[in-house]
Amino acid sequence: MDKIDIEKIRNDFPILKNKINDETLIYLDNAATLQMPKDVLTACDNFYHDAYSNVHRSSHTLAIKATQIYETVRKKVQKFINAADTSEIIFTSGCTASLNLVALSWGESFISAGDEIVITAMEHHSNLIPWQQLALRKKAKLKFIELTPDGRLDMNDAVQKITSKTKLVAAVHVSNVLGVINPIKKLASLAHKVGAIMVVDGAQAAGHIPIDVQQLEADFYAFSGHKMLAPTGVGVLYGRKYLLEKMTPVMYGGEMIEHVSRFTSSWAEIPFKFEAGTPNIAGVRGLGAAIDYLNKISFKMITEYEQELTDYALNALKKITALTIYGPLTSKERLPIFSFNLDKIHAHDLATILDAEGVEVRAGHHCAEPLMTDLGVIATVRASLYIYNTEKDIDILVEAIEKARNFFNHGN
Ligand code: 7TS
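Keep in mind that this is a model prediction, so the values were computed, not measured.

A short note on the sheet that holds strand β8 (residues 197–201)
Two modes of strand pairing occur in sheets, parallel and antiparallel, and in both the strands are linked by backbone hydrogen bonds.
Thinking step 1. With respect to topology, seven strands assemble into an open sheet ordered β4-β10-β9-β8-β7-β5-β6, the strand pairing being mixed. Whereas interior strands pair on both sides, the edge strands pair on one side only; in this sheet they are β4 (89–92) and β6 (141–145). Geometrically, the sheet is characterised by an average inter-axis angle of 20° between neighbouring strands, direction not taken into account.
Thinking step 2. Bridging between β4 and strand β10 (residues 235–239) involves four bridges; their strand directions are antiparallel. The partner of threonine 92 across the bridge, within β10, is glycine 235.
Thinking step 3. Relative to the sheet, helix α4 (residues 95–110) contacts β4, β7 (166–172), β8, β9 (220–224) and β10, its axis offset from that of β9 by approximately 150°.

Set out below in structure tokens:
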């Protein structure tokens, strides 16, 4: 297959056959969560039917089967992001939990008063508030790398902001508002030059572009299952082994210990010392199936097709008069995530009209309030696409926006 077969792909996603408000569902809220293919739904279902049990506890056959499935997925994740070792893969409940783990564990131990934490002006709250609160607790300084006028990261500013006082640089790999792909490797080089660590929020990258944590030189890389075709409630934190080994757990309980006495405890090896309690085992099984599905399609196909969709959508959206698009207007180093406002129409009103046409988009601040402030708005409408979307979906979005424009113009 040298060109993506969209009809076949669409058939893999049963939900796309649904009607919304009597209209064909046009799902354009993929940055919030991706829909799941049959392979993932079946894998989770089969797990509950045939292998459901707890992991790393009991020694009966079913428990061994569940544990094998769980650890096989860890290995799959390791390969998926090219981590050096399976012990560097921690299962969490999602990207937010992964980033908080780094802030509460590494941050709590290794950030001191006067240190600098550098993040970017386009962070999701999940990669902002953990550092903001850490900085407040530690009397450290939080600094922001600003954006260029077209919504890309200003690398000249990065060079200025990352100094000998910097201990940690954290950046989003792909912005959930602007769609830009950030030059993580360059940021990591700047961070490492001054002895800082590089934390990457990969929530919008996993499932869209290939991730190679070693090539990126990431020290920590966080992502969520539900944004890469797996169920909600499961995510990953990748961390370099020597860093994870130095870190203390932040959650205590079952399965993360070596020995416990009344007054002291010692911890299990990595990654288990960070996996207290019963994990989302079926979710992990789904994550494994999602990785298989992505590999089956191949990232070459996925990135090529997303590029086509980006070009097509940018062309179409740019033609709508009175539409302000936030983020780069060229498709280079960018994914098909488009934030915009129409005239002075409130984003939520526009989203409601689009919903009536079966077009599912998100309106709001997209958990990036400081970025909204920088853009001079309180909210945007966001249409975000994935490989099961088509040029026709974009045409319908554009028609629906035009319809909304006419509706509001006549309403005035
Ligand atoms: N980082 C980025 C860049 C995100 O887009 C999101 C979720 C998160 C972190 C948090 O992921 P979670 O799975 O832990 O919630 N972003 C969105 C969004 O843009 N719309 O809904 C959720």
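A closer look at the site of the ligand
Thinking step 1. Every one of the 16 residues lining the ligand counts as a neighbour, but Thr96, Asp201, Ser224, Arg362 and Arg382 are closest to it.
Thinking step 2. Measuring from an oxygen atom of the ligand, one finds a side-chain N or O atom of asparagine 176 at 2.9 Å.
Thinking step 3. Separating a nitrogen atom of the ligand from a side-chain N or O atom of lysine 227 is a distance of 3.0 Å.
Thinking step 4. A class-by-class count of the residues in the shell around the ligand yields five nonpolar, seven polar and four charged.

Description of unusual backbone geometry
Thinking step 1. The omega torsion across isoleucine 270 and proline 271 is 5°, close enough to zero to call that bond cis.
Thinking step 2. Topologically, proline 271 is positioned in the loop between β12 (265–267) and α10 (281–297).
Thinking step 3. With a phi close to 70°, glutamate 255 is a non-glycine residue in the positive phi region.
Thinking step 4. Residue classification places glutamate 255 among the partly exposed positions, given a relative accessible area of 30%.
Thinking step 5. Unusually for a residue other than glycine, glutamate 333 sits at a positive phi of about 50°.

A look at the packing of helix α2 (residues 38–51) against α10
Thinking step 1. Running from N to C, α2 and α10 point in directions that differ by 145°, and their axes come no closer than 8 Å. Seen along the crossing, α2 lies across α10 with a hand that is right-handed. Counted together, Asp39, Val40, Ala43, Cys44, Phe47 and Tyr48 of α2 and Ile281, Ala282, Arg285, Gly286, Ala289, Ala290, Tyr293 and Lys296 of α10 form the full contact between these two elements.
Thinking step 2. In terms of residue class, the contact of α2 with α10 is built from 10 nonpolar, one polar and three charged.

Notes on the packing of aromatic side chains
Thinking step 1. The final tally for this structure, using the stated rule, is 12 aromatic pairs.
Thinking step 2. Centroid distance tyrosine 48 to tyrosine 52: 5.0 Å. Interplanar angle 65°. Geometry classified as edge-to-face.
Thinking step 3. A residue is classified by how much of its surface remains accessible, and tyrosine 48, at 47% relative accessible area, is partly exposed.
Thinking step 4. In this structure an aromatic cluster arises from ring pairing among Phe13, Tyr293, Tyr386 and Tyr388.
Thinking step 5. Seen from the ring of phenylalanine 110, lysine 246 lies directly overhead, with NZ or CZ sitting 5.3 Å from the centre.

Quick word on the pattern of salt bridges
Thinking step 1. In this structure the tally under the stated criterion is 18 salt bridges.
Thinking step 2. In this structure, lysine 300 engages glutamate 304 in a salt bridge whose closest nitrogen and oxygen atoms are separated by 3.0 Å. Note that lysine 300 and glutamate 304 are positioned in helix α11 (residues 299–318) at a spacing of four residues, about one turn of the helix.
Thinking step 3. The salt bridge involving arginine 405 is made with glutamate 402; its shortest N-O contact spans 3.0 Å. With arginine 405 and glutamate 402 both in helix α14 (residues 391–411), this residue pair falls three residues apart, about one helical turn.
Thinking step 4. Residues participating in the shared-partner salt-bridge network are Glu71, Arg74 and Glu275.

Side note on the sheet that holds strand β13 (residues 323–326)
Thinking step 1. Spatially, four strands are ordered β13-β14-β17-β16 in an open sheet, and the strand pairing comes out antiparallel. Pairing within the sheet leaves two strands with one partner each, and these edge strands are β13 and β16 (362–364). Between one strand and the next, the sheet's axes are offset by a mean angle of 30°, whatever the strand orientation.
Thinking step 2. Bridging between strand β14 (residues 337–342) and strand β17 (residues 380–384) involves four bridges; their strand directions are antiparallel. Bridging across to β17, phenylalanine 338 finds its partner in alanine 383.
Thinking step 3. Taken strand by strand, α11 contacts β13 and β14, and its axis lies near 5° from that of β14.
Thinking step 4. In the packing of helix α12 (residues 347–356) onto the sheet, contacts are made with β14, β16 and β17, and the angle to β17 comes to roughly 40°.

Regarding the side chain of aspartate 29
Thinking step 1. Along the chain, aspartate 29 turns up in the loop between β3 (26–27) and α2.
Thinking step 2. A relative accessible area of 15% means that aspartate 29 is categorised as buried.
Thinking step 3. Sequence-distant contacts of aspartate 29, that is, excluding residues within four places in its chain, are made with Glu360, Val361, Arg362, Arg382 and Ser384.

Some remarks on the pairing of β9
Thinking step 1. Where burial is concerned, most of β9 is hidden: five out of the five residues are buried.
Thinking step 2. Covered by surrounding structure in β9 are Phe220, Ala222 and Ser224 together with Tyr221 and Phe223, the residues of both alternating faces.
Thinking step 3. Bridge count for β8 against β9 is three bridges, and the pairing is parallel. Opposite aspartate 201, over in β9, you have alanine 222 as the bridge partner.
Thinking step 4. Here five bridges tie β9 to β10, and the two strands are oriented antiparallel to one another. Looking across to β10, one finds that tyrosine 221 is bridged to tyrosine 238.

About the cut-offs
Residues numbered from 1 in each chain as written. Predicted model: local features only at pLDDT ≥ 70, side-chain atom pairs only at ≥ 80, totals over all residues. Heavy atoms only, no water. Pairing = 2+ DSSP bridges. Helix = DSSP H or I, 4+ residues; strand = E, 2+ residues; numbered from the N terminus. Axes fitted to C-alpha atoms, helices over the stretch in contact; angles between N-to-C directions. Contact = heavy atoms within 4.5 Å. Near = heavy atom within 4 Å. Polar contact = N/O pair within 3.5 Å; in protein donor to acceptor, adjacent residues only side chain to side chain. Nonpolar A, V, L, I, M, F, W, Y, C, P; charged D, E, K, R; others polar. Buried < 20%, exposed > 50% of the residue type's maximum accessible area, 1.4 Å probe, protein only. Left-handed = near helix turned anticlockwise from the far one by under 90°. Phe/Tyr/Trp six-rings, centres within 6.5 Å; stacked < 30°, edge-to-face > 60°. Lys NZ or Arg CZ within 6 Å of the ring centre and 35° of its normal. Salt bridge = Lys/Arg side-chain N within 4 Å of Asp/Glu carboxyl O.

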